[in-house]
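Chain by chain, the residues:
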Amino acid sequence: LSKVLGSEVPIVNAFTEGKSAIVLGDNEWSQSAGLDPSKLPRDGFCAKAKDGRVYIAGVDDPKADFAERIKAGRIGGKPGNIRDGERGTLFGVYEFLERYCGCRFYFPGELGEVVPLKRRVTVPCGKFSLSPAFTVRDVYLSGDGKWPGEKSIGERHSVKCLIWLRLRMQTESIPCCHGINDFQLSDRFSKARPEWFYLAKNPNTGKLARISGVGSETYGVKGHLCFTNDEMWNQVYTDTCAYFSGKDPAKLGIKRIWCSDDAGWGPNLSGRFVDVMAQDGMQECHCDKCQQAYDKSLGVNGYATELIWGKTAALAKRLADAGYPAIVTQMAYSPYRAIPKCDIPSNVWVMVAQEGPWCVGNPADFAQQKATVKAWSEKLGHKVWMWTYPAKHPEFELGIKGVPDYAPRAWHRYYKDMSEWSMGTFAESECENSILHYMNYYVYSKLAWDPGLDIDALLKEHYELMYGAGAKPMQEAFELFEKKWIHEIAGNTVD
């Protein structure tokens with residue numbers, strides 16, 4: 001704001017006679033002005049301009065020092081990561097700077113920030129509030145390469161934490177990523193309860209054997225579970241009850257792992273959520289009960305559908321009946337991706353694995369993905385959220401190093417069309433160079449707050465603000481990048 005006005009704006013804790021003031025936070029001043037952010041959806045804020053004062057108020061986590069979190073550079077993991085902790089007032093400040101001061105935050109640093117010198121800021125009298133349209137607003141910043149000017153890993157993560165805040169991404173971790181693994185059942189019970197683990201068939205000899213005993217972070221072919229085993233599910237229930245009861249996980253044999261908080265609970269247990277998604281690359285169990293529970297007519301992507309969703313629903317109901325405020329998360333993922341016949345209680349939140357924006361260049365594929373998300377939403381009676389894969393990391397998905405996957409229109413089209421049935425996405429968006437994704441992320445973040453976003457106006461403004469007299473040729477270049485990526489590479493892969 002000091003840069004916009006051309007003079008230093010002091011930070012004070014009392015009004016100065018004859019001076020205009022911007023009043024921040026949910027406090028006695030904003031309350032006396034009639035603002036009450038507690039009535040808004042999470043991350044929302046309200047603002048009012050009256051009598052030479054502007055009030056901006058949101059719900060803020062009193063324990064979260066976001067300046068320290070930026071310095072620490074922790075994007076994911078616990079404790080103290082940049083994702084967790086409400087910061088409604090901060091989001092209101094960014095809105096003020098953008099709406100009334102003309103600031104734009106495409107990415108941190110002088111190259112990616114637009115801060116015009118105006119010397120005067122006019123705010124019309126009145127009151128308004130704003131809340132995000134998407135609950136889940138999550139991209140894989142930590143999987144991207146460096147941003148311009150970055151020199152070290154520590155600096156890189158600090159920059160990405162700042163981007164996370166400025167893009168107004170989500171403020172509550174909702175785990176749904178192979179969470180059954182983080183109960184560490186293989187480490188704790190492989191010797192005492194071998195029957196909890198899958199009965200594997202040797203592909204060469206046809207012999208059957210229980211395979212168990214891998215480390216808590218391993219997602220390999222060993223240590224997969226026998227999901228018809230009720231004792232195993234009872235242990236998951238018991239551990240979840242212990243978490244919600246505040247018990248020490250160390251006394252249960254649960255060790256701290258890569259993403260644990262101080263108490264030692266893993267990333268599968270966060271706030272009100274418990275993630276029971278099956279281990280990645282789930283293996284077929286050849287015991288009689290599992291074989292009877294499978295529906296092979298649903299193919300490799302769906303044969304375990306009724307088993308996994310039936311057990312997930314039973315666990316959620318059991319936790320609700322016991323009075324725990326648990327929301328159980330599960331993903332529609334191979335081999336349990338089909339819509340189940342069983343009822344799913346309201347305290348189950350479903351994440352649907354989808355290809356994501358790269359399918360926009362393939363109308364049939366895009367239509368099928370929309371149909372899948374719509375069907376899941378109708379099954380549940382409420383919106384789902386998605387795990388999508390708009391990635392181009394050299395070691396993952398479309399590993400074409402150096403080729404730009406700049407595609408903000410595709411991101412806008414895909415997530416806007418899905419918004420009728422989806423409450424947002426985690427975009428697994430690794431790339432070797434973060435600058436390739438800056439407008440993909442910017443457009444998604446704006447759409448997440450306003451599904452009515454005018455993409456043409458936003459991009460036109462972007463080219464003019466960022467490139468000035470070079471706006472037209474730069475726009476032509478970027479549009480060529482998107483056309484090539486969406487219609488000739490990702491959308492229509494050729495050899």
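In case you missed it, the structure is sitting above this.
Here the structure is a predicted model, which means the values were calculated and not measured.

Before going further, it helps to spend a moment on the overall build of the protein. Secondary structure summary: the protein contains 14 helices and 15 strands in total. Over its C-alpha trace the protein gives a radius of gyration of 25 Å, about what one expects of a compact globule, namely 23 Å for 495 residues. Residues classed as buried in the protein amount to 51% of the 495 residues present. Partitioning the contacts of the protein with sequence separation of at least 6, the portion at a separation of at least 24 is 73%. Counting only carbon and sulfur atoms, one obtains 52% of the accessible surface of the protein, whose full area is about 22,600 Å². When the 60 positive and 61 negative side-chain charges of the protein are each reduced to one mean point, those points stand 2 Å apart.

So, about the sheet that holds strand β3 (residues 53-58). Reading across from one edge, β1-β3-β2-β6 is the order of the 4 strands in this open sheet, with mixed pairing throughout. One side of each edge strand has no neighbouring strand; the edge strands of this open sheet are β1 (21-24) and β6 (126-130). Within the sheet, the average angular offset between the axes of one strand and its neighbour, ignoring direction, is 10 degrees. Across 5 bridges, the pairing between strand β2 (residues 45-50) and β6 is antiparallel. Each residue of the ladder has a partner; that of Lys-48, found in β6, is Lys-127.

Right, let's get into the pairing of strand β15 (residues 422-427). Regular strands have side chains that alternate between both faces of the sheet. Across the 6 residues that make up β15, a large majority, 6, are buried. Relative to β15, strand β7 (residues 136-139) is paired through 4 bridges, and the arrangement is parallel. In the sheet register, Val-136 faces β15, and the bridge partner there is Gly-424. Here 4 bridges tie strand β14 (residues 384-388) to β15, and the two strands are oriented parallel to one another. In the strand pairing of β15, Met-386 is matched with Thr-425.

About the criteria used
Residues numbered from 1 in each chain as written. Predicted model: local features only at pLDDT ≥ 70, side-chain atom pairs only at ≥ 80, totals over all residues. Heavy atoms only, no water. Helix = DSSP H or I, 4+ residues; strand = E, 2+ residues; numbered from the N terminus. Rg over C-alpha atoms; globule rule 2.2 N^0.38 Å. Buried < 20%, exposed > 50% of the residue type's maximum accessible area, 1.4 Å probe, protein only. Contact = heavy atoms within 4.5 Å. Areas by Shrake-Rupley, 256 points an atom, 1.4 Å probe, with all protein chains shown as cover. Lys, Arg positive; Asp, Glu negative; His and termini not counted. Charge placed at Lys NZ, Arg CZ, Asp CG, Glu CD. Pairing = 2+ DSSP bridges. Axes fitted to C-alpha atoms, helices over the stretch in contact; angles between N-to-C directions.

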